[in-house]
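Each chain is listed here by its residues.
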Amino acid sequence: RSPLSRRGFLAAGSGLAAATAFPALTGGSSLASADSDPGTLVVHTQLGTTAPGSPTYRALVKEFHAEHPGLRIKNLVNGDDLPQVYETSRLARKEPDVVMVNLYDKTLAWTELGATLDVKGYLDDWGLRERVLPAALKEWTDDQGRLRAFPYFAANWPVAFNTTLLERAGIGSVPTTGDQLIGAARRLRAKGIQPVTVGGNDWTGQKLLAQIVQTFLTREEARQVYTDGDFSGSRGAREGIDYFVSLRDAGVFADKAQGLTSDTMTTQYNTQKAAVQSAMSSALAKVPAKTAAHTTVGGWPLAPGAAHDRPTILRSYTLIGFWISPNGVKKLPAVEKFLRFMYRPDVVSRFVTESGRDMALVTDTVSGDFPLVAEAQRLGDRVGQVLLPDLYVPPTATQPLITATSTAFTRGTSAATVRSALESAYRTA
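On a predicted model such as this, the values are computed, not experimentally measured, just so you know. (Residues numbered from 1 in each chain as written. Predicted model: local features only at pLDDT ≥ 70, side-chain atom pairs only at ≥ 80, totals over all residues. Heavy atoms only, no water.)

Trainee: Quick question: what am I supposed to make of helix H9 (residues 219-228) here?
Mentor: Each full turn of the α-helix corresponds to 3.6 residues, which orients residues three or four apart in the same direction. Inspection of H9 places Ala222, Val225 and Tyr226 among the buried residues, and these make up the whole buried set. In a view along the axis of H9, the buried residues occupy a sector of 90°, so they form one face of it. Tucked into the core, H9 has its buried residues touching helix H8 (203-213), helix H10 (235-249) and helix H18 (415-428). At the exit of H9 stands Gly229, carrying a positive phi of roughly 70°. (Buried < 20%, exposed > 50% of the residue type's maximum accessible area, 1.4 Å probe, protein only. Helix = DSSP H or I, 4+ residues; strand = E, 2+ residues; numbered from the N terminus. Arc of directions from axis to C-beta. Contact = heavy atoms within 4.5 Å.)

So, in structure tokens, the structure goes:
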């Protein structure tokens with residue numbers, strides 16, 4: 001059962017502008033101009049902003065036009081507000097034909113509510129199932145067996161360590177235990193270096209907090225905790241929060257982490273002001289060559305008695321997929337041509353080589369120009385993997401959880417207060 005109701009979906013758009021007036025998009029276009037011409041495929045995408053892969057995508061659209069002279073791709077571009085803008089357009093029945101966005105927050109309920117289609121039949125009819133990694137198909141499939149979208153981008157989310165900064169502080173190896181991490185933080189601070197930088201005021205902090213909370217949880221236990229939000233009723237969750245608090249109050253995280261953002265985090269790491277960051281592959285691809293040359297990637301250090309036997313990372317296969325809208329059904333031949341093109345091995349390889357993207361599709365291509373992304377791809381069984389909770393958190397709890405994350409990263413806040421803040425996010429929802 002979706003945490004959103006159809007009434008909730010309609011309410012999401014009720015406070016916006018009238019159904020015929022849509023937010024402005026990049027280039028001054030608007031969703032009101034969604035094209036009904038069967039020779040024009042309207043694609044709503046985040047690849048056109050600063051998102052990694054945007055230049056590759058724009059070049060590929062030109063290539064698609066050259067190969068299909070009778071078919072035009074019209075891109076409508078939004079950033080983080082794309083889900084809200086799409087929902088507004090759908091309420092007016094003027095939505096684009098294809099949507100390129102991740103499976104997170106609002107989008108979790110789209111297919112169930114009829115805002116987008118179950119694409120499982122199309123995946124099979126178009127012969128594309130074998131192109132998709134099985135783990136990706138599993139993540140994009142809901143509890144009723146509906147495939148929400150055609151999977152595309154994935155992400156590894158390891159921990160990046162600046163070995164030169166560690167050595168400057170007299171630390172000879174990457175910490176793999178909590179005690180080693182606390183000791184490393186003290187040495188780094190003594191040299192004026194921030195230890196672990198993190199966006200404690202946004203989604204990056206939320207993900208790292210979730211990763212540390214799972215230290216004493218199995219994947220099934222973690223799924224239950226993040227589904228129902230009962231952080232007090234689970235012994236493992238309580239122990240994980242206690243572990244987080246012990247690290248925080250020992251000075252492991254950067255100063256005033258509760259107010260930092262993902263941009264601050266990447267700037268601190270990339271400019272070598274901080275020695276460690278938890279970084280998804282798109283962030284690793286942006287690490288400057290000078291910093292990347294003495295960066296190694298691994299997992300988050302563990303505490304004694306952890307449910308995992310190796311330092312942990314996050315992995316996700318749900319970064320971007322191709323969703324088909326009800327309007328898109330009217331242009332299925334065009335949608336098929338577009339999807340077949342985007343799934344081609346040579347096209348997939350370009351995102352890997354040119355943009356350092358991890359893919360949810362089968363490919364042997366390695367990110368040669370993005371060494372940290374390639375290193376993360378080779379971690380294999382040297383690290384364990386915890387659950388990315390995005391698929392299980394009720395959409396209405398997503399933003400309240402980020403607010404609770406800032407509370408959690410505030411030094412001196414008790415473990416009980418952290419648990420209460422996390423649980424309140426679910427009650428607010």
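Trainee: Sorry, what's going on with the nonpolar core here?
Mentor: Considering soluble globular proteins, one finds that nonpolar side chains tend to be buried as a cluster. Membership of the largest hydrophobic core comes to 62 residues, with the highest contact counts inside it found for Tyr57, Phe150, Tyr152, Phe338 and Phe351. Looking at which element gives the most residues to this core, the answer is helix H14 (residues 332-343), with 8 residues. Those residues in contact with Tyr152, other than ones at most four positions away along the chain, are Ile320, Gly321, Phe322, Met342, Tyr343, Val347, Val348, Phe351, Asp358, Met359, Ala360 and Leu361. If you look at the next biggest cluster of nonpolar residues, it comprises 51 residues, including Val159, Leu209, Val252 and Leu401. (Core = buried A, V, L, I, M, F, W, Y, C linked by side-chain atoms within 4.5 Å.)

Trainee: Hey, could you run me through the pattern of salt bridges in this one?
Mentor: A pair can form between side chains of opposite charge whenever their charged atoms are brought close. Considering all chains together, one arrives at 17 salt bridges under this definition. Arg344 serves as the salt-bridge partner of Glu67, at 2.9 Å between the closest nitrogen and oxygen. Of this pair, Glu67 sits in helix H2 (residues 54-67) while Arg344 sits in the loop between H14 and helix H15 (345-355), and the two are 277 residues apart along the sequence. Using a relative accessible area of 26% as the deciding quantity, one classes Arg344 as partly exposed. Connected via shared salt-bridge partners are Glu63, Glu67, Arg344, Asp346, Arg350 and Glu354. (Salt bridge = Lys/Arg side-chain N within 4 Å of Asp/Glu carboxyl O.)

Trainee: Explanation requested: the packing of aromatic side chains in the structure shown.
Mentor: Two measures describe an aromatic ring pair: the distance that separates the ring centres and the angle between the ring planes. A complete count under the given rule lists 22 aromatic pairs for this structure. Taking the centre distance of 5.3 Å and the plane angle of 70° together, the rings of Trp110 and Trp323 count as edge-to-face. Taken together, the positions of Trp110 in the loop between strand E3 (98-101) and helix H4 (120-125) and Trp323 in strand E9 (residues 312-324) put the pair 213 residues apart, joining distant regions of the chain. Neither residue differs from the other here; Trp110 and Trp323 are each classed as buried. A connected cluster of aromatic rings, assembled from ring pairs, spans Phe64, Tyr122, Trp126, Phe150, Tyr152, Phe153, Phe322, Phe338, Phe341, Tyr343 and Phe351. (Phe/Tyr/Trp six-rings, centres within 6.5 Å; stacked < 30°, edge-to-face > 60°.)

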